[in-house]
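These are the residues of each chain, in order.
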Amino acid sequence: MNNSKENIDKILKLLGEKYHDTKPGLDHKNPYQLLVATILSAQCTDRQVNKITPALFERYPGPEDLAAADLTEVEGYVKSCGFYKTKSRNIIASCGILIDKFNGQVPADIDVLQTLPGVGRKTANVVASNAFGIDAIAVDTHVFRVSNRLGLADAKNVLDTEKQLMENIPKNKWSDAHRWLIYHGRQICNARRPKCESCFLSSYCPYFKNSISS
Ligand code: SF4
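These numbers come from a predicted model, not from an experiment.

The next point concerns helix 9 (residues 141-150). The element helix 9 is extensively covered by neighbouring structure, given that eight of its ten residues are classed as buried. Where helix 9 is concerned, the buried positions are Val-143, Phe-144, Arg-145, Val-146, Ser-147, Asn-148, Arg-149 and Leu-150. Here the buried face of helix 9 lies against helix 1 (5-19), helix 10 (158-168), helix 11 (174-187) and helix 12 (206-213).

Turning to the packing of helix 1 against helix 11, a few remarks are in order. For any two helices packed against each other, the geometry is given by the interaxial angle and the distance between the axes. The interhelical angle for the contact between helix 1 and helix 11, taken along N-to-C directions, is 75°, at an axis separation of 10 Å. Regarding the angle of helix 1 to helix 11, the classification is roughly perpendicular. Note on element contacts: helix 11 touches helix 1 through Asp-176, Ala-177, Arg-179, Trp-180, Tyr-183 and His-184, opposite Leu-12, Leu-15, Gly-16 and Tyr-19. Here the contact of helix 1 with helix 11 is built from residues that sort into six nonpolar, two polar and two charged.

What follows deals with the domain arrangement of the chain. Along its sequence, the chain is organised into domain 1 (5-22 + 137-213) and domain 2 (31-132). The gap between the C-alpha centroids of domain 1 and domain 2 is 28 Å. Here the side of domain 1 that touches domain 2 is composed, by residue class, of three nonpolar, two polar and one charged.

Next up on the list: the site of the ligand. Taken together, 13 residues lie around the ligand, and Cys-189, Pro-194, Cys-196, Cys-199 and Cys-205 are the ones closest in. Here the residues of the shell around the ligand sort into ten nonpolar, one polar and two charged.

So, on to unusual backbone geometry. Negative phi characterises most residues that are not glycine, and trans characterises most peptide bonds. A positive phi angle is found at Gln-43, which is not glycine, with a value near 60°. Inspection of the secondary structure assignment puts Gln-43 in the loop between helix 2 (31-40) and helix 3 (46-59). The phi dihedral of Phe-83 falls on the positive side, at around 50°, and the residue is not glycine.

Further remarks concern the environment of Lys-23. Among the structural elements, Lys-23 can be located in the loop between helix 1 and helix 2. By C-beta crowding, Lys-23 is classed as exposed, having 9 other C-beta atoms within 10 Å. Linking Lys-23 and Arg-179, residues 156 residues apart in sequence, is a C-alpha distance of 7.6 Å.

About the cut-offs
- Residues numbered from 1 in each chain as written.
- Predicted model: local features only at pLDDT ≥ 70, side-chain atom pairs only at ≥ 80, totals over all residues.
- Buried ≥ 20, exposed ≤ 12 C-beta atoms within 10 Å, placed from the backbone.
- Helix = DSSP H or I, 4+ residues; strand = E, 2+ residues; numbered from the N terminus.
- Contact = placed C-beta atoms within 7 Å.
- Axes fitted to C-alpha atoms, helices over the stretch in contact; angles between N-to-C directions.
- Parallel < 35°, antiparallel > 145°, perpendicular 65-115°, else oblique.
- Nonpolar A, V, L, I, M, F, W, Y, C, P; charged D, E, K, R; others polar.
- Domains from an automatic or database assignment.
- Near = placed C-beta within 6 Å.

Pasting the structure below:
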């Protein structure tokens, strides 16, 4: 069930106060690095990706280097992050397209980003938001779970969740809210054992209210 506007405003205010100094989870110095790191992060933790990207970017400093890279060598750099064969092919192919079509630059457009191999809607939103400051809400597993528990959305899939979050959250807070919900999901609102008893949002949370009344 969607929460009331009053409660949603309160939840966003409290999330912002708690997580205002948090940063995007993937280490990067430019849009190229963020694009590659985000492709690698599918089905893998940010922490694990952050372990492997320094050596990867030292070996391949720009998209032109990765576009010309040997597939087997790239696989050796990324094999600890799961689905490494597919991801290696995708990052090489994406960088090839950056060179061929976009003058070596990462496009700052969510729809165009999704034409790159390995880049779905979530990845495109993360790159647009964190590399270019475009308002966007990327719905990953944490955002999906936490926002539906809190009644910021009431949806069965990530696309509907994203649409509802865009309706329920002011546009200038989309990117921040995405990050806050991820942190809240990791630290408190865990998938299996949410720490509701100590959660600062419990007074406004339909999931918690349902759990104590059932
Ligand atoms: S009260 Fe529980 S379910 Fe609701 S946001 Fe907090 S941890 Fe998650």
